[in-house]
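Each chain, letter by letter, is given below.
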Amino acid sequence: MNINFAINYGAKILKDKFIKNSYLDSEILLAEVINKDRKFLFLNLNKNLHNSDLNHFHKLIKKRSEGCPVAYLINKKFFWNSEFYVTNDTLIPRPDTELIVDSVLRLTKHRNNLNILEIGIGSGCIILSILKERENFIGTGIDISKKCVNISKINANNLKVSSRLKIFQSNVDKFNLGKYDLIVSNPPYIKTCKLKYLERDVAEFEPKLALDGGLDGLSEIRKVIKKSSELIKKNGKFILEIGFDQKNKVINLLKKEGFYINSTQKDFANNDRCIVSTKI
């Protein structure tokens, strides 16, 4: 079987299972199997594949047809300007979350030697992207999940910023180390009752710990805001990702904890997704 036939074969299986982007997913999985990029596929459509590669490809297509996200099948996801190692223990980095990185970089254009904290580091995609762009910043990350801590350490090493980052396994309520110029967080913010209605790729495969925001979707956000108000320096910036319908409630929570609201950023779907605030 050649590359062209394999791509079409995989895409048909995925399309029959109502998988979006069936051709793209088939191409990505085949490129991963033969350890080449997609450009190589297009330039070598008539090249025959080894049986061992075909068997591996068939297994990946089957898993994808059952809903397993591509990022978990190839253990990587591109975010901002870097590729991140991910497993099903971490939330898959999303383009909307790049709003946090973008906001930080715009706010710190003329700032040096800032000390950053990320609450809920996950794969490390947010704080590592910032540290990669700002070579004189130092960072701290916390996560309740030991597996997330280990994965973010791997990514920090891969991006060569581990010397400027400390990572701790900790519950947000129990973390009391240091004072920070800037705090970022993308906490769980989906209502428990809504989890089962998420797309299958998310609901069945991504970690509930990173998604479940409690009965009203705000239980983790409350903890993060309260802890951030204690750990942030006066005039420090706090940048928080939120659910599309949470803006007004979260703004009220922030104001109660002594934050001034600078702006609300919208995502690619024009939903409120990120709040920038200052500790006063």
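All values derive from a computational prediction rather than experimental measurement.

With a phi close to 60°, Lys160 is a non-glycine residue in the positive phi region. The backbone of Asn270 shows a phi angle near 70°, a positive value even though the residue is not glycine.

We now examine the nonpolar core. With 29 residues, the main nonpolar core has Ile221, Ile225, Phe238 and Val250 as its most contacted residues. Of all elements in the fold, only β3 (115–119), β6 (180–185), α10 (219–231), β7 (232–241), α11 (247–256) and β8 (259–266) reach the threshold of two or more residues within this core. Apart from the residues lying within four places of it in its own chain, the contact partners of Phe238 are Ile183, Val224, Ile225, Ser228, Ile232, Leu254, Phe259, Ile275, Val276 and Ser277. Counting residues in each nonpolar core, the second largest holds 28 residues, with Leu114, Ile127, Val149 and Cys274 among its members.

Attention shifts here to the sheet that holds strand β4 (residues 138–143). If you walk across this open sheet you meet the seven strands as β5-β4-β3-β6-β7-β9-β8, and the pairing is mixed. Unpaired on one side and paired on the other, β5 (165–169) and β8 mark the two borders of the sheet. Ignoring which end each strand starts from, the neighbouring axes of this sheet average 15° apart. Bridging between β6 and β7 involves five bridges; their strand directions are parallel. Residue pairing for β7: Tyr180 is matched across the bridge by Ile232.

To continue, consider the side chain of Thr140. Structurally, the position occupied by Thr140 is in strand β4. Taking relative accessible area as the criterion, Thr140 reaches 7% and is therefore assigned buried. Aside from chain neighbours lying at most four places away, what touches Thr140 is Ile116, Leu117, Glu118, Ile127, Leu165, Lys166, Phe168, Phe175 and Tyr180.

The element β4 is largely enclosed, with a buried count of five among its six residues. Two strands pair when backbone bridges link them, and β3 and β4 are joined in this way by five bridges, in the parallel orientation. Counterpart to Ile119 in the pairing with β4 is Ile142. As a crossover connection, the stretch from β3 through helix α7 (residues 125–133) into β4 is right-handed. Bridge count for β4 against β5 is five bridges, and the pairing is parallel. The residue bridging Thr140 from the neighbouring strand is Lys166, located in β5. Read as a crossover between parallel neighbours, the route from β4 over helix α8 (residues 146–158) to β5 is right-handed.

Conventions and cut-offs
- Residues numbered from 1 in each chain as written.
- Predicted model: local features only at pLDDT ≥ 70, side-chain atom pairs only at ≥ 80, totals over all residues.
- Heavy atoms only, no water.
- Core = buried A, V, L, I, M, F, W, Y, C linked by side-chain atoms within 4.5 Å.
- Buried < 20%, exposed > 50% of the residue type's maximum accessible area, 1.4 Å probe, protein only.
- Helix = DSSP H or I, 4+ residues; strand = E, 2+ residues; numbered from the N terminus.
- Contact = heavy atoms within 4.5 Å.
- Pairing = 2+ DSSP bridges.
- Axes fitted to C-alpha atoms, helices over the stretch in contact; angles between N-to-C directions.
- Right-handed = clockwise from strand over helix to strand, strands pointing away.

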